[in-house]
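# Understanding the architecture of this molecule
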Amino acid sequence: MSRITELIDKLEKNRILSKEELSEIISEHTPETDEYLFARARTVRERVYGKDVYIRGLIEFTNYCRNDCLYCGIRRSAEKAERYRLNEEQILECCETGYGLGFRTFVLQGGEDGFYSDDKIVSIVSLIKAKYPDCAVTLSIGEKSRGSYERYRQAGADRYLLRHETADPVHYGKLHPKGLTLENRMRCLSDLKELGFQTGCGFMVGSPYQTAENLAGDLLYIHRLQPQMVGIGPFIPHHDTPFANEMAGTLETTLLMLGLTRLIVPNVLLPATTALGTIHPKGREMGILAGANVVMPNLSPTDVRKKYLLYDNKICTGDEAAECISCLGRRMESIGYKLVSARGDCKKY
Ligand code: SAH
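Reading guide: rules and limits
Residues numbered from 1 in each chain as written. Predicted model: local features only at pLDDT ≥ 70, side-chain atom pairs only at ≥ 80, totals over all residues. Heavy atoms only, no water. Helix = DSSP H or I, 4+ residues; strand = E, 2+ residues; numbered from the N terminus. Rg over C-alpha atoms; globule rule 2.2 N^0.38 Å. Buried < 20%, exposed > 50% of the residue type's maximum accessible area, 1.4 Å probe, protein only. Areas by Shrake-Rupley, 256 points an atom, 1.4 Å probe, with all protein chains shown as cover. Lys, Arg positive; Asp, Glu negative; His and termini not counted. Charge placed at Lys NZ, Arg CZ, Asp CG, Glu CD. Near = heavy atom within 4 Å. Polar contact = N/O pair within 3.5 Å; in protein donor to acceptor, adjacent residues only side chain to side chain. Nonpolar A, V, L, I, M, F, W, Y, C, P; charged D, E, K, R; others polar. Pairing = 2+ DSSP bridges. Right-handed = clockwise from strand over helix to strand, strands pointing away. Contact = heavy atoms within 4.5 Å. Axes fitted to C-alpha atoms, helices over the stretch in contact; angles between N-to-C directions. Salt bridge = Lys/Arg side-chain N within 4 Å of Asp/Glu carboxyl O.

What follows covers the overall build of the protein chain. Looking only at helices and strands, one finds 14 helices and 9 strands in the protein chain. Since a compact globule built from 349 residues should have a radius of gyration of about 20 Å, the 19 Å found for the protein chain is in line with a globular shape. Each principal axis of the C-alpha distribution contributes one length, and for the protein chain these read about 60 × 45 × 35 Å. Split into buried and exposed, the 349 residues of the protein chain put 58% on the buried side. Accessible surface, the protein chain as shown: approximately 14,000 Å² in total, 51% of it carbon and sulfur. Here the protein chain carries 46 positive and 46 negative side-chain charges, and the mean point of each set is 3 Å from the other.

In structure tokens:
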């Protein structure tokens, strides 16, 4: 037993460690201790979810954004971004295709686009829930007032994804323009949780200026919030942003953070992200083997996919939804897991 594997055992048992201990794992882990962690994470995951991998149909319905996050390819200042919006009918078509392919969760994601007023969002959510009462609707449309979140929830939205991005206010300030604060981001997350959304926070691995202590802080925040979902993917530079020449996050650290997150929140819904699949051809398979249990294939119409580019070289932008699902199905089978057609709610354990 090494010091690091002892810490991993302690984390599995207590679901939390001190910031110093978490930082120690993050700075001192080795390929051997990673294998140990991933085996523990898989055991925990399989106790709650077996070998099932949940699928979410991602509908990227607008790439207009009023914000100017320094890392993001669809930030307001990204002048070369070709902007688009999907109308209600196009969004419902995506759901129809998705439903036929077995999707029982639809994720509506977009920039913070004022064109979609609360009335419009409420209308879209209500229409989807009326037509597909057996499906979950997830929103991922950024920071809103508590009152807006309340309206989405009443309209039937089940889940909300809002990555906290980094739990350190100083680091947060280096990734975002003035006016966007960690404080408001966290306010949104506690509102969402209180309103009864299955709530997802999360962060990028390897974002500029990030330290091991920052990552430890992200894990402590996750432990405090007790979210039902956590989105973790590598930062990948986008050529038309201030971070164009920064380094991407690594596969190793991303997998490490997935494994640690599984031990901290055993029943968490944890996607092996598209960004992870972008930095390594087998990234999503490795993510599942490190403790993830969700994949989020793209359901957006093929003609807009190349326009929703948060980062460079994004995969699957040319494929039809049906191709994505059969490709992922094969990939999961190759590692002994199986895609399931289910809402895939967060399980009690
Ligand atoms: N506007 C919504 C949706 C954001 S896009 C919101 O504010 O929540 C979803 C996630 O993509 C972001 O939370 C961010 O963590 C991630 N992302 C953005 N740019 C990225 C990049 N360059 N590399 C990797 N992930 C990125």
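Next up on the list: the site of the ligand. As a structural note, the neighbourhood of the ligand is formed by 16 residues, with Tyr71, Gly110, Arg163, Glu165 and Ile236 the closest of them. A distance of 3.0 Å separates an oxygen atom of the ligand from a polar atom in the side chain of Arg163. Between Ile236 and the ligand, the recorded distance is 2.7 Å, taken from a backbone N or O atom to a nitrogen atom. In isolation the ligand has 560 Å² of accessible area, and contact with the protein removes 91% of it. Each residue belonging to the shell around the ligand can be placed in one class, and the counts come to 9 nonpolar, 4 polar and 3 charged.

Positive phi is not limited to glycine here, since Tyr209 has a value of about 70°. Classification of Tyr209 by relative accessible area gives partly exposed; the value is 49%. In this model, Asn313 sits at a positive phi of 65°, which is unusual for a non-glycine residue. Here Asn313 shows up in the loop between helix H13 (302-305) and helix H14 (321-334). Classification of Asn313 by relative accessible area gives exposed; the value is 67%.

Our focus in this paragraph is the pairing of strand S2 (residues 57-62). A large share of S2 lies buried, amounting to 6 of its 6 residues. Relative to strand S3 (residues 105-110), S2 runs parallel, the two being bridged by 5 bridges. Note on S3: the bridge partner recorded for Thr62 is Gly110. Handedness of the crossover joining S2 and S3 through helix H4 (residues 88-100) is recorded here as right-handed.

Here the focus is the sheet that holds strand S1 (residues 52-55). Read from one edge of the open sheet, 3 strands run S8-S1-S9, paired in parallel fashion. The sheet is open, and its two edges are formed by strand S8 (294-295) and strand S9 (338-340), each paired on a single side. Looking at chain direction, S1 and S8 are connected through 2 bridges and run parallel. Paired with Ile55 across the two strands is Val295, which belongs to S8. Strands S1, S8 and S9 of the sheet are contacted by H14, whose axis makes an angle of about 135° with S9.

Turning next to the sheet that holds strand S5 (residues 159-161). Within the open sheet, the 6 strands sit side by side as S2-S3-S4-S5-S6-S7. Their pairing is parallel. Each of the sheet's edge strands pairs with one partner strand only, and the pair in question is S2 and strand S7 (229-234). Across the sheet, the mean angle from the axis of one strand to that of its neighbour is 20°, orientation sign disregarded. Sheet contacts for helix H10 (residues 251-264): strand S6 (198-205) and S7; angle to S7, the most-contacted strand, approximately 165°.

Here the structure, examined in full by the defined rule, presents 25 salt bridges. Taking the shortest distance from any N to any O, the salt bridge between Lys51 and Glu46 comes out at 3.4 Å. Using a relative accessible area of 36% as the deciding quantity, one classes Lys51 as partly exposed. Given the relative accessible area of 28%, Glu46 is considered partly exposed. When the shortest N-O distance is used, the salt bridge between Lys80 and Asp240 registers 3.7 Å. Note that Lys80 is positioned in the loop between S2 and H4 and Asp240 in the loop between S7 and H10, a separation of 160 residues in sequence. Residue Asp240 is classed as buried on the basis of its relative accessible area, which comes to 17%.

That's the geometry; what it means functionally is another story.
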